[in-house]
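Given next are the chains, with one letter for each unit.
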There are 2 protein chains.
Amino acid sequence: MDKVSPFAPVQVPVLPPIEGVRLAACEAGIRYAGRTDLLLALFEPSTAVAGVFTTSKTASAAVEWCREHVRHGMARALVVNSGNANAFTGMRGREAVAETVRATARIAECLDADVYVASTGVIGEPLDPSKFVGFLAGLAERAQADAYEMAARAIMTTDTFPKLATRTCEIGGVTVTLNGIAKGAGMIAPDMATMLSFLFTDAPIEPAALQSVLSPLVEDSFNAITIDSDTSTSDTVLLFATGAAERRSCPRIADGNDERLAGFRAALFDLMRDLAHQIVQDGEGLTKFVSVTVKGAESKASARTIAKAICNSPLVKTALAGEDPNWGRIVMAVGKAGEAADRDRLAIWFGDIEVAKDGEVAPSYKEVDGAAYMKRPEIDITVDVGIGEGTDTMWTCDLTKEYIAINADYRS
Amino acid sequence: MDKVSPFAPVQVPVLPPIEGVRLAACEAGIRYAGRTDLLLALFEPSTAVAGVFTTSKTASAAVEWCREHVRHGMARALVVNSGNANAFTGMRGREAVAETVRATARIAECLDADVYVASTGVIGEPLDPSKFVGFLAGLAERAQADAYEMAARAIMTTDTFPKLATRTCEIGGVTVTLNGIAKGAGMIAPDMATMLSFLFTDAPIEPAALQSVLSPLVEDSFNAITIDSDTSTSDTVLLFATGAAERRSCPRIADGNDERLAGFRAALFDLMRDLAHQIVQDGEGLTKFVSVTVKGAESKASARTIAKAICNSPLVKTALAGEDPNWGRIVMAVGKAGEAADRDRLAIWFGDIEVAKDGEVAPSYKEVDGAAYMKRPEIDITVDVGIGEGTDTMWTCDLTKEYIAINADYRS
């Protein structure tokens, strides 16, 4: 795609090295010429790993592999290819994963079980690993500690900008670093929203603790975004913790409930939400970045269901694209969500503008104000459904003709 | 909208009169000039009525009125306006309904409780009945038995053609007639799919029996279609039975399980499905009429959930718009539905072309065949999820730039 998202950062953030992580990428020619499409990340021995994966019933062979192996919690290498998702490729798909893993384990001098793989791109076409395993040895030689932007670019498909973020925090008085990269753009829905996100830290956290920190943070970061309600067969979040900070006297944490993890948890959540927002901000064809907050619902889960109905409504999304303050469509979406809502106490705000109140247009509301607000690139919609205390926020984008153009001829 | 659906019939069907039903429509100027927007239907005394309504939690005032009054099962008049849905208009909305009902009852010389109302159009703007109640007396005078096309046109909003259908059947050896009109186009989803459909018959069927015949038939007709997954606040199906055929010795039926209703039930279902298909065939901006059959599911309900996920997937719908045989997106949609599916036994057909088999591309499949099939205006997709005996069919259309254009500036 030639057109870059209007929300692309002016400058891509520069991520600091994380001790124990080395990265390299190259052009393997998997699908498109002239762009990097193969990423290798290498981790020092005793790196811990945690992961969260798509709930799709047609998950890809790579997801199956990672889900099974993340249980033992150790990692030495990650291989990611873009251009072909290796999903719905039957037995050949599993063989492609196995062959990639074997080749990588040989190069990284580790067990097959310590290699993680991810694939993104077209579904249903066999992935031929012989096309790219030959590049892995060269990548391992060239791998460097400061190659995050190169890594983020190599995992892009229809993304128009690379997605990176970094944070620091303290564990037991010692500063540790968190880096993350992600790719998104299409097939994004809040059932493991990101297609792929890889997170790296030098914090010394044991696998079980790492997993128990990671899992709950997905709900309000990657699972709180939706672009088109579609869910990928390949959605993967992997968090690698090299533990290198232990050499700088950072305490090793074995228990997910350890209070010394408070800062780490907050920093990780902030990093994940940042990457999740970047994914929405690169939604295919978007012109608006939209935050939808539902309050007054029966529960947080009920608020989430209503927020999702608003975010996924084609009629709401096309109104946003048309800069039309058509709040009637928000009412419609609240109604179809099927959750408890008091029509006669419903209230809606665009930013600070009270649009509807007590189930009808607010006395103070002027259409001209709503129309002016809709011209902004970032739109905040708040809905009070007048039932209880449940609240939730989700992020989405508008639905434009450009989305159709991108998706009507993705394969051609 | 200027552009007429490619599926618009060359000739609108001519509906025969139904004894006991008279119709008239006019230009009341409710929203747009130069088009009819007010329909009055009058029924002879002791006409029975049955209805099915939106499950939206933000249902319109008109739906609330009808839902309450249909319980007593008798009808003398129906008033429908287009241009304004009178939904989310608070207390004023209820007053607008009450005022419309009172004026109509006076003219039809009946009880308020025998008047049914429906409104379709923009949500959230107060409907001023004083704008149109003055026209009702004139409509009552002019009402005629053969004005179905005029009636179907008066309830259109963004519809590009009027939707009408007629059937006959026998009850106890006597021929009775069924006529139906409908409007759809946007905000159509399988939770009471049609925005409005009105059905008329001269069969003498008591209210309770009429309701028990109507309700189950909605599931595989109006509830089996989806255009954009959105659900209107105003969805209404009303079936009026004048009973006039009793004067031609048709037996009066009081029990919904009466075997003499078999032919009537079949004809009514056929009529409803015909109207439901017409609604899809006028989906906003469509170029394809798509039938999705799911088989091999755990149950019919499971098959419906999977079919719905396929029909509502923006990525599937944009691929259809692009005439791209991108069956990978169908796999994705099956996966996100969350129902039991055996990825390694999944099979997909486009018409008679076997595309995928045993979880990967079928050996016999050639992309050129799939691409040629996708150029048809009518597309049949069949998916076998390889689990059980559950089967279901839904109908939808593609998602085009024209849909966005229509919905991004509906109000302007």
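The rules behind these values
Residues numbered from 1 in each chain as written. Chains lettered and ligands numbered in written order. Predicted model: local features only at pLDDT ≥ 70, side-chain atom pairs only at ≥ 80, totals over all residues. Heavy atoms only, no water. UniProt positions renumbered as here; feature names shortened; annotations may be inferred. Helix = DSSP H or I, 4+ residues; strand = E, 2+ residues; numbered from the N terminus. Rg over C-alpha atoms; globule rule 2.2 N^0.38 Å. Buried < 20%, exposed > 50% of the residue type's maximum accessible area, 1.4 Å probe, protein only. Contact = heavy atoms within 4.5 Å. Areas by Shrake-Rupley, 256 points an atom, 1.4 Å probe, with all protein chains shown as cover. Lys, Arg positive; Asp, Glu negative; His and termini not counted. Charge placed at Lys NZ, Arg CZ, Asp CG, Glu CD. Pairing = 2+ DSSP bridges. Axes fitted to C-alpha atoms, helices over the stretch in contact; angles between N-to-C directions. pLDDT = per-residue confidence, 0-100. Polar contact = N/O pair within 3.5 Å; in protein donor to acceptor, adjacent residues only side chain to side chain. Core = buried A, V, L, I, M, F, W, Y, C linked by side-chain atoms within 4.5 Å. Parallel < 35°, antiparallel > 145°, perpendicular 65-115°, else oblique. Left-handed = near helix turned anticlockwise from the far one by under 90°. Nonpolar A, V, L, I, M, F, W, Y, C, P; charged D, E, K, R; others polar. Domains from an automatic or database assignment. Buried area = accessible area lost by both parts, 1.4 Å probe. Salt bridge = Lys/Arg side-chain N within 4 Å of Asp/Glu carboxyl O. Least-squares fit on C-alpha atoms with pLDDT ≥ 70 in both.

- As annotated in an unreviewed UniProt entry, chain A carries the name Arginine biosynthesis bifunctional protein ArgJ and comes from Methyloceanibacter caenitepidi.
- UniProt, in its Sequence similarities (unreviewed entry) section for chain A, records the words "Belongs to the ArgJ family."

Observations regarding the overall build of chain A
Item 1. If you tally the helices and strands in chain A, you get eleven helices and 14 strands.
Item 2. Against the globule reference of 22 Å for 412 residues, chain A gives a C-alpha radius of gyration of 22 Å, in line with a compact fold.
Item 3. In terms of overall dimensions, chain A has C-alpha extents of about 70 × 55 × 40 Å along its principal axes.
Item 4. Among the 412 residues that make up chain A, the fraction classed as buried is 65%.
Item 5. By sequence separation, contacts in chain A at least 24 residues apart represent 81% of the contacts at least 6 residues apart.
Item 6. Just so you have it, chain A exposes about 14000 Å², and 50% of that area is on carbon and sulfur atoms.
Item 7. Positive and negative side-chain charges of chain A, numbering 40 and 55 respectively, have mean locations separated by a distance of 3 Å.

What to know about the sheet that holds strand β13 (residues 378-384) of chain B
Residues and elements named next belong to chain B.
Item 1. Read across the sheet, six strands follow the order β12-β11-β10-β13-β9-β14 without closing on themselves; strand pairing throughout is mixed. Across the chains shown, the open sheet's two edge strands, defined by having one partner strand only, are β12 (360-361) and β14 (390-397).
Item 2. Bridge analysis of strand β11 (residues 353-357) against β12 gives two bridges, and the strand direction is antiparallel. Counterpart to A356 in the pairing with β12 is V361.
Item 3. In this fold helix α9 (residues 327-336) packs onto β10 (347-350), β11, β12 and β13, with an angle of close to 130 degrees to the strand it touches most, β10.

Thoughts on the confidence of the model for chain A
Residue and element names in this part refer to chain A.
Item 1. Looking at chain A, pLDDT values average 91 and 95% of them are 70 or higher.
Item 2. Per-residue pLDDT, averaged within each element of chain A, yields its smallest value for helix α11 (residues 401-408) (80) and its largest for strand β1 (residues 21-26) (98).
Item 3. In this model residues 189-194 is a low-confidence stretch, pLDDT under 50, and it forms 36 contacts with partners more than four residues away in sequence or in other chains.

Section: the side chain of D159 of chain A
Residue and element names in this part refer to chain A.
Item 1. One can find D159 in the loop between α4 (148-154) and β5 (163-171).
Item 2. In this structure the side chain of D159 is engaged in a polar contact, spanning 3.1 Å, whose partner is the backbone nitrogen of T157.
Item 3. At 2.8 Å, the side chain of D159 and the side chain of K163 are in polar contact.

Quick word on α9 of chain B
Since the α-helix packs 3.6 residues into each turn, any two residues three or four apart lie on the same face.
Item 1. Among the ten residues in α9 of chain B, ten count as buried, and that is most of the element.
Item 2. Among the residues making up α9 of chain B, those that are buried are W327, G328, R329, I330, V331, M332, A333, V334, G335 and K336 of chain B.

Topic: the nonpolar core
Item 1. Core analysis: the biggest nonpolar cluster contains 84 residues, and I310 and F350 of chain A together with I310 and F350 of chain B have the highest contact counts within it.
Item 2. With near-sequence residues (within four places) excluded, F350 of chain A lies in contact with P325, W327, I330, V355, Y365, G370, Y373, M374, D380 and I381 of chain A.

With respect to the pairing of strand β2 (residues 38-53) of chain B
Residue and element names in this part refer to chain B.
Item 1. Where burial is concerned, most of β2 is hidden: 14 out of the 16 residues are buried.
Item 2. Pairing geometry for strand β1 (residues 21-26) and β2, over six bridges, is antiparallel. Residue pairing across strands places A25 opposite L39, the latter belonging to β2.
Item 3. Bridge analysis of β2 against strand β3 (residues 74-84) gives seven bridges, and the strand direction is antiparallel. Counterpart to A48 in the pairing with β3 is M74.

Some remarks on the packing of helix α5 (residues 207-217) of chain B against helix α6 (residues 262-280) of chain B
Residue and element names in this part refer to chain B.
Item 1. Viewed as axis vectors pointing N to C, α5 and α6 meet at an angle of 45 degrees, and their least axial separation amounts to 10 Å. Here α5 is positioned oblique relative to α6, judged by the angle of their axes. α6 is crossed by α5, and the crossing has right-handed handedness. Where α5 approaches α6, its residues V213, L214 and L217 are matched on the opposing element by F264, R265, L268, F269 and M272.
Item 2. When the residues that make up the contact of α5 with α6 are grouped by side-chain class, the tally is seven nonpolar, no polar and one charged.

Brief notes about the domain arrangement of chain A
All names here are of chain A.
Item 1. What the domain assignment reports for chain A is domain 1 (21-280) and domain 2 (289-408).
Item 2. The centre of domain 1, based on its C-alpha atoms, is set 33 Å off from the matching centre of domain 2.
Item 3. Facing 13 residues of domain 1, the contacting portion of domain 2 comprises 14 residues.
Item 4. In total, domain 1 and domain 2 occlude about 1200 Å² of area from one another, counting both sides; carbon and sulfur atoms represent 58% of this.
Item 5. On the surface where domain 1 and domain 2 come into contact, there are three salt bridges.
Item 6. Residues K300 and D220 are paired through a salt bridge, measuring 2.9 Å at the closest nitrogen-oxygen approach.
Item 7. Across the domain 1-domain 2 interface, the total number found is nine residue pairs in polar contact (both at pLDDT 80 or more).

Points about the relation of the copies chain B and chain A
Item 1. You can overlay chain B on chain A at an RMSD of 0.0 Å; the transform is a turn of 180 degrees with a shift of 0.0 Å along its axis. Here the two chains are linked by the operation of a two-fold rotation axis. Residue K401 of chain B of chain B places its C-alpha closer to the rotation axis than any other residue of that unit, at 2.4 Å.
Item 2. Residue by residue, 100% of the interface of chain B is reproduced at the interface of chain A, so both copies engage with the same surface.

Some points on the sheet that holds strand β10 (residues 347-350) of chain A
Residue and element names in this part refer to chain A.
Item 1. Taken in spatial order, the six strands make up an open sheet running β12-β11-β10-β13-β9-β14, and their pairing is mixed. Either end of the sheet is taken by a strand with one partner, and the two such strands are β12 (360-361) and β14 (390-397).
Item 2. Taken together, the three bridges between β10 and strand β11 (residues 353-357) define a ladder with antiparallel strand orientation. Note on β11: the bridge partner recorded for F350 is I353.
Item 3. Contacting β9 (289-297) and β14, helix α6 (residues 262-280) crosses the sheet at an angle of about 45 degrees to β14.
Item 4. Across the sheet, helix α10 (residues 367-374) lies against β10, β11 and β13 (378-384), angled at about 130 degrees from β13, the strand it touches most.

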